[in-house]
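These are the residues of each chain, in order.
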Amino acid sequence: MQVKIENLSYSYGSKKLKVKAVNDICLEIKEGEFFGVVGHTGSGKSTLIQHLNGLIKVQKDSGKVIVGEYDLTDKKCDFKGLRAKVGMVFQYPEYQLFAETVFEDVKFGLKNFYPNLTEKEMEERIKKAVETVGLDYEKIKEKSPFELSGGQKRRVAIAGVIVSRPEVLVLDEPVAGLDPTGKREFVSLLHALHNDFVKTIIIVSHDMNLIAENCDRVAVLNKGNLVKVGTPKEVFMDKVKVEEWGLELPSTAYLTEKLREKGIEIDSDLTIKGFIDGYIRAKGGEK
Amino acid sequence: MKDVTFGQYYPSHSFVHKMNPAIKILLTIAYIVGVFLVSGDNYYAGFLACVVFVLIATITARVPIFRVLKSIKAIIFFVLLSAILQIFFNKDGTPLWENGFITDKALIASGFIALRIILVVMGASLLTLTTSPVEIADGTEVLLAPLKLVKFPVHEFALIMSIALRFIPTLLEETDRIIKAQQARGAEFEGGIFKKAKAMIPVLIPLLIGSFRRADELADAMDSRCYSGSKNRTKYKKMGLTYRDAISFIITGGLVAGVVLLNGVVIL
Ligand SMILES: Nc1ncnc2c1ncn2[C@@H]1O[C@H](COP(=O)(O)OP(=O)(O)OP(=O)(O)O)[C@@H](O)[C@H]1O
Ligand SMILES: [Mg+2]
């Protein structure tokens, strides 16, 4: 499913006290992309992405959002069908757990979207989802979600979202509060998902290293405006601009910058591997 | 969710905002008592005095009048109900038309009942508009201080109150977020009352658990700073009495005295 956003604007508040959170954004995200959204705090990232599954409705005369065959500006749009196709993981997703067992909690979304599945089909899907997020299904299914560790809870919550097999997975700051190992594990989980569960991944993050390392393309928001879209390399090329947007450089871009000052020019895609290859090339060495 | 304005504090540096919260609460109570005392033959004069009082208070508080009036919207049903009951069941006075069931006195009485409720709500909301929740808790603590004599834990009570007030916006925000998270998983919050109640379970349980988590964290944070509501605790911001409190005290006292005198309750 392709995501198409046309001239989207959104304001919070009443007529008297309007806060424009998103301003005239045009954006296209292709099927299969690993897409990043970055921006300073309050720049409108959450507001923008919550449009994608209709949690925030497109305001009157404020542009268009089209996801696959769903036109979200259409009054008759099937939002439930849309939400089955566009999964959304919020910051601290473990806070959405509520059921008595892990099994029941993961089942919640599936049952809401596909009430006609047989028990057996449901169980199969739940098993697949729980295993995909890296948990031992047999061991965990009867446990209460509240007796799990933080990392496990987060995985269960994500299983509860992907169980309905969304085509697009949107994640709003999913690595907040994770330790470096947890972060790394989470990223490899995302890649595993990207390969065989969901087609498109859209991730909001303040972690520029994560973005540079993993995203095909990145959109930068600044005060509600879309100021740049491109590959990490294109986005983080201009140090002055990046600072102006209130962002940090990813480590690879920072090192590229520092080495340039020393007269070493490195051409890379800003992933760690790409950077090292670029460095070796610049030094004239063989791999 | 964000529309639920509790603690609708309207920040400003006006005369009323700078008053001592304890005095403000006390005077608001006095004013409300005053509104309820209005009766007798001269009731219109009494009501007029109250209306003028609340308008002056609004102006000196520099709060837009529509903010004060907004609070009436929430209780409009209650106001109408009381007024209508009065119209139908009050049989005093003469019917407005021949064999009519509505009497002139009933109409006037219903009007004044509505006015009385509106005046009370305006006064109360003026208090919450000009006094932050923390100040209200502080003021309550001062006013309840005499209860310490009977070993009532006044300080703890005020602390619980200010913590509760502090967390209302946080909880609203959290509710908003959980609702969105469950909606993203296909939960629906429309439909009949039974369906709605059932749909609230996936929201209420995480909310409850979150509250316990917050309470735990807060308790730990307070403990680790050695918090205790002990006797010798001093305040960071001392609220003394100023000329503002004196002036307001005199004006409000004048209002209540005036109302009582107009009633003819005090027969000299
Ligand atoms: N419910 C709301 N009511 C009023 N204003 C809001 C609301 N939510 C967000 N805003 C405002 O809209 C703007 C954009 O908010 P948004 O949450 O989309 O930012 P963000 O980029 O996700 O920030 P962060 O990185 O801190 O999560 C901010 O100025 C914020 O104050
Ligand atoms: Mg956000």
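Residues numbered from 1 in each chain as written. Chains lettered and ligands numbered in written order. Predicted model: local features only at pLDDT ≥ 70, side-chain atom pairs only at ≥ 80, totals over all residues. Heavy atoms only, no water.

Draft legend 1. A look at the overall build of chain A. Counting its secondary structure elements, chain A contains 12 helices and 10 strands. Here chain A has a C-alpha radius of gyration of 20 Å; the compact-globule value for 287 residues is 19 Å, and the two agree. Taking the principal axes of the C-alpha coordinates as reference, chain A spans close to 65 × 50 × 30 Å. Each of the 287 residues in chain A was classed as buried or not, and the buried ones make up 53%. Contacts in chain A between residues at least 24 apart in sequence constitute 62% of all its contacts with a sequence separation of at least 6. As presented, chain A carries roughly 13900 Å² of accessible surface, and 49% of it is formed by carbon and sulfur atoms. Counting 44 positive and 44 negative side-chain charges, chain A places the averaged centre of each group 4 Å from the other. (Helix = DSSP H or I, 4+ residues; strand = E, 2+ residues; numbered from the N terminus. Rg over C-alpha atoms; globule rule 2.2 N^0.38 Å. Buried < 20%, exposed > 50% of the residue type's maximum accessible area, 1.4 Å probe, protein only. Contact = heavy atoms within 4.5 Å. Areas by Shrake-Rupley, 256 points an atom, 1.4 Å probe, with all protein chains shown as cover. Lys, Arg positive; Asp, Glu negative; His and termini not counted. Charge placed at Lys NZ, Arg CZ, Asp CG, Glu CD.)

Draft legend 2. Spatial organisation of helix H3 (residues 102–113) of chain A. Across the 12 residues that make up H3(A), a large majority, 10, are buried. Among all positions in H3(A), only A:Val102, A:Phe103, A:Asp105, A:Val106, A:Lys107, A:Phe108, A:Gly109, A:Leu110, A:Asn112 and A:Phe113 are buried. Buried residues in H3(A) make contact with helix H2 (79–85), helix H4 (119–132), helix H5 (137–140) and helix H6 (150–162) of chain A together with helix H6 (154–184) and helix H7 (193–224) of chain B.

Draft legend 3. Broad picture of the environment of A:Tyr10. Residue and element names in this part refer to chain A. Mapped onto the elements, Tyr10 comes out in strand E1 (residues 3–12). Here Tyr10 falls in the buried class, since its relative accessible area comes to 13%. C-alpha of Tyr10 to C-alpha of Arg83: the two residues are 73 residues apart in sequence and 20 Å apart in space. Setting aside anything within four residues of it in sequence, one finds Tyr10 in contact with Val19, Lys20, Ala21, Val22, Thr47, His51, Ile56, Lys57 and Gln59.

Draft legend 4. Examining the packing of H6(A) against helix H7 (residues 180–196) of chain A more closely. Residues and elements named next belong to chain A. Relative to each other, H6 and H7 sit at 15 degrees, their axes nearing to 13 Å. In terms of axis orientation, H6 runs roughly parallel to H7. Between H6 and H7 lies a crossing whose hand is right-handed. Counting all contacts with H6, which are made through Arg154, Arg155, Ile158 and Ile162, the residues of H7 involved are Glu185, Phe186 and Leu193. (Axes fitted to C-alpha atoms, helices over the stretch in contact; angles between N-to-C directions. Parallel < 35°, antiparallel > 145°, perpendicular 65-115°, else oblique. Left-handed = near helix turned anticlockwise from the far one by under 90°.)

Draft legend 5. Broad picture of the confidence of the model for chain B. Residues and elements named next belong to chain B. Summarising the model, chain B shows a mean pLDDT of 85, and 95% of its residues fall at 70 or more. Confidence scores differ between elements of chain B, with helix H3 (residues 65–89) showing the lowest mean pLDDT of 85 and helix H1 (residues 21–37) the highest of 93. In the model, residues 1–6 has pLDDT below 50 throughout and makes nine contacts with residues more than four positions away in sequence or in other chains. Taken over the whole predicted complex, pTM reads 0.77, whereas the ipTM for its chain interfaces reads 0.88. (pLDDT = per-residue confidence, 0-100.)

Draft legend 6. Spatial organisation of the site of ligand 1. Of all residues adjacent to ligand 1, which total 12 residues, the nearest are A:Thr41, A:Gly42, A:Lys45, A:Ser46 and A:Thr47. More than one chain approaches ligand 1, the contributing ones being chains A and B. Within the side chain of A:Ser46, a nitrogen or oxygen atom sits 2.6 Å from an oxygen atom of ligand 1. The side chain of A:Thr47 places a nitrogen or oxygen atom 2.5 Å from an oxygen atom of ligand 1. Protein chains bury 66% of the 630 Å² of accessible surface belonging to ligand 1 in isolation. Partitioning the shell around ligand 1 into residue classes produces two nonpolar, seven polar and three charged. (Near = heavy atom within 4 Å. Polar contact = N/O pair within 3.5 Å; in protein donor to acceptor, adjacent residues only side chain to side chain. Nonpolar A, V, L, I, M, F, W, Y, C, P; charged D, E, K, R; others polar.)

Draft legend 7. View of the pairing of strand E6 (residues 86–89) of chain A. All names here are of chain A. Side chains Val86 and Met88 project from E6 onto one buried face, and the interleaved Gly87 and Val89 project onto a second face that is buried too. In terms of strand pairing, E6 meets strand E7 (residues 168–172) through four bridges, oriented parallel. Bridged to Val86 within E7 is Val168. (Pairing = 2+ DSSP bridges.)

Draft legend 8. Summary view of the domain arrangement of chain A. Residue and element names in this part refer to chain A. Assigned domains within chain A: domain 1 (32–53 + 82–240) and domain 2 (250–287). One C-alpha centre belongs to domain 1, the other to domain 2, and the line joining them spans 31 Å. Facing the eight residues of domain 1 at the interface are 10 residues of domain 2. Roughly 770 Å² of surface becomes buried between domain 1 and domain 2 when both sides are summed, with 55% attributable to carbon and sulfur atoms. Where domain 1 meets domain 2, there are one salt bridge. Asp267 is paired through a salt bridge with Lys233; the nearest N and O atoms lie 2.8 Å apart. If you look at where domain 1 meets domain 2, you find three residue pairs in polar contact (both at pLDDT 80 or more). Residue contributions to the side of domain 1 that touches domain 2 peak at four residues, all from helix H8 (residues 208–214). (Domains from an automatic or database assignment. Buried area = accessible area lost by both parts, 1.4 Å probe. Salt bridge = Lys/Arg side-chain N within 4 Å of Asp/Glu carboxyl O.)

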